[in-house]
Amino acid sequence: MEGKPFALIGVNTNGYDPEKMKAVMQKENLVWRSFADQDRRIFSAWRVQGTPTLYLIDHKGTIRHRWIGSPGAQAIDSAIEALVKEAETS
Amino acid sequence: MKNPEPEGDSDYDTDDAPSKPKKPKKASSGMMAAILVIIGVAAVSLVLIIGGAVVLTIWLWPTREKVAQVPVQPRPEGVFPKGPFGPDGMPPNIGKPPVNPPGAGPAVGAAAPDIEAADMDGKRFKLSDYRGKVVLLDFWNEF
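Keep in mind the model is a prediction, meaning the values are calculated, not measured.

Student: Honestly, the overall build of chain A in this entry has me stumped. Any pointers?
Tutor: Counting secondary structure elements, chain A contains 3 helices and 4 strands. Start at the N end of chain A and walk to the C end: the helices and strands fall as β-α-β-α-β-β-α. Among the 90 residues that make up chain A, the fraction classed as buried is 32%. Sequence-distant contacts, at least 24 apart, represent 43% of the contacts inside chain A between residues at least 6 apart.

Student: Would you explain unusual backbone geometry in this entry?
Tutor: Note: most peptide bonds trans; most residues except glycine with negative phi. All names here are of chain A. With an omega of -5°, the peptide bond between Thr51 and Pro52 qualifies as cis. By the element assignment, Pro52 lies in the loop between helix 2 (41-45) and strand 3 (53-57). Phi at Asn29 is positive, roughly 60°, even though this residue is not glycine. Tracing the chain through its elements places Asn29 in the loop between helix 1 (18-28) and strand 2 (34-36).

Student: What am I meant to see in the environment of A:Leu54 here?
Tutor: Locating A:Leu54 in the fold gives a position in strand 3. For A:Leu54, a count of 21 C-beta atoms within 10 Å gives the class buried. Residues A:Leu54 and A:Ser70, 16 residues apart in the sequence, show an inter-C-alpha distance of 7.3 Å. Excluding its chain neighbours within four sequence positions, the residues that come into contact with A:Leu54 are A:Trp67, A:Ser70, A:Ile76, B:Leu136, B:Leu137 and B:Asp138.

Student: Hey, could you run me through the interface of chain A and chain B in this one?
Tutor: Interface size is commonly expressed as the accessible surface area that is lost when the partners come together. On the side of chain B, 43 residues touch chain A, which itself brings 51 residues to the contact. The leading source of residues in the side of chain A that touches chain B is strand 1 (residues 6-12) of chain A, at 7 residues. Relative to strand 3 (residues 134-140) of chain B, strand 1 of chain A is paired through 7 bridges, and the arrangement is parallel. Across the sheet, the residue bridging to A:Leu8 is B:Leu136, located in strand 3 of chain B.

Student: How should I be thinking about the pairing of strand 4 (residues 63-68) of chain A in this particular structure?
Tutor: Moving residue by residue along a regular strand, the side chains alternate between the two faces of the sheet. Residues and elements named next belong to chain A. Of the pairings in the sheet, the one linking strand 3 to strand 4 comprises 5 bridges and is antiparallel in character. Across the sheet, residue Thr53 finds its bridge partner in strand 4, namely Ile68. Here strand 3 folds back onto strand 4, and the loop between the two strands holds 5 residues, one of which, Gly61, carries a positive phi near 90°.

Student: Got a minute to help me understand helix 1 of chain A in this structure?
Tutor: Three- or four-residue spacings in an α-helix give side chains the same orientation, since the helix completes a turn every 3.6 residues. Along helix 1 of chain A, the positions that sit buried rather than exposed are A:Pro18, A:Met21 and A:Met25. Projected down its long axis, helix 1 of chain A shows its buried positions confined to an angular sector of 60°, all on one face. In helix 1 of chain A, the exposed positions angled more than 90 degrees off the buried face are occupied by A:Gln26 and A:Lys27. Turning to helix 1 of chain A, the residues buried within the fold contact strand 1 and strand 2 of chain A together with strand 1 (116-118) of chain B. A:Asn29 sits one or two residues past helix 1 of chain A and shows a positive phi near 60°.

Student: So what exactly am I meant to see when it comes to the confidence of the model for chain A here?
Tutor: Any region with low pLDDT has predicted coordinates that should not be read closely. Here chain A shows a mean pLDDT of 95. Residues at 70 or above account for 100%. Predicted confidence in chain A is weakest over helix 2 of chain A, with a mean pLDDT of 94, and strongest over strand 2 of chain A, with 98.

Student: Help me understand the pairing of strand 1 of chain A in this model?
Tutor: Direction of pairing for strand 1 of chain A relative to strand 2 of chain A: parallel, over a ladder of 3 bridges. Paired with A:Gly10 across the bridge in strand 2 of chain A is A:Ser34.

Scoring rules and cut-offs
- Residues numbered from 1 in each chain as written.
- Chains lettered and ligands numbered in written order.
- Predicted model: local features only at pLDDT ≥ 70, side-chain atom pairs only at ≥ 80, totals over all residues.
- Helix = DSSP H or I, 4+ residues; strand = E, 2+ residues; numbered from the N terminus.
- Buried ≥ 20, exposed ≤ 12 C-beta atoms within 10 Å, placed from the backbone.
- Contact = placed C-beta atoms within 7 Å.
- Pairing = 2+ DSSP bridges.
- Arc of directions from axis to C-beta.
- pLDDT = per-residue confidence, 0-100.

Okay, structure coming up:
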């Protein structure tokens with residue numbers, strides 16, 4: 001996905017501050033940029049029921065997919081690919 | 001233990017039976033008095049119990065209404081009480097995400113609500129900074 005109009009953004013739901021979240025990410029080998037949802041405002045606004053919860057948002061900011069629990073890498077990849085193609089051709 | 005008496009209530013009844021008819025007239029007047037006393041005691045107890053219940057009901061009725069009138073304060077959604085929590089200042093259920101009230105979050109087809117918070121380097125950024133790109137937003141949790 002290098003050079004493609006795509007980004008993987010995380011939201012940590014533990015309520016950690018950035019420092020603690022960074023330590024956990026290094027320990028767990030997570031490399032993508034993540035929001036530290038310290039006051040859990042994001043968690044509440046998005047009414048997250050459990051993790052992992054995944055949202056796929058298109059280049060216009062519209063939610064196109066929502067997965068509560070991972071649907072598997074293949075389903076995610078093909079959904080991303082379709083939306084990236086859409087972004088590139090628009 | 002040896003018991004010379006034969007067992008069973010029926011045997012006692014038959015033993016006692018012959019002694020009872022010896023004084024029939026005195027026994028009946030005594031019995032009448034006893035019955036009257038029992039009826040009297042029962043009547044007084046009944047009046048006391050019913051009276052007590054009525055008095056308690058009248059006494060407690062206003063309290064009951066007051067209790068019913070206390071409005072139930074709904075807990076604000078997702079808002080955590082502020083105050084001293086653990087040694088790190090985090091809510092006590094740290095490590096486990098709190099439970100949101102049931103109900104779907106932002107739906108497919110809706111505009112993604114914007115997010116603004118700090119990243120792991122403390123640098124604030126927004127979800128909308130990535131407009132123009134497809135974004136996979138992953139809510140993750142350290143277990």
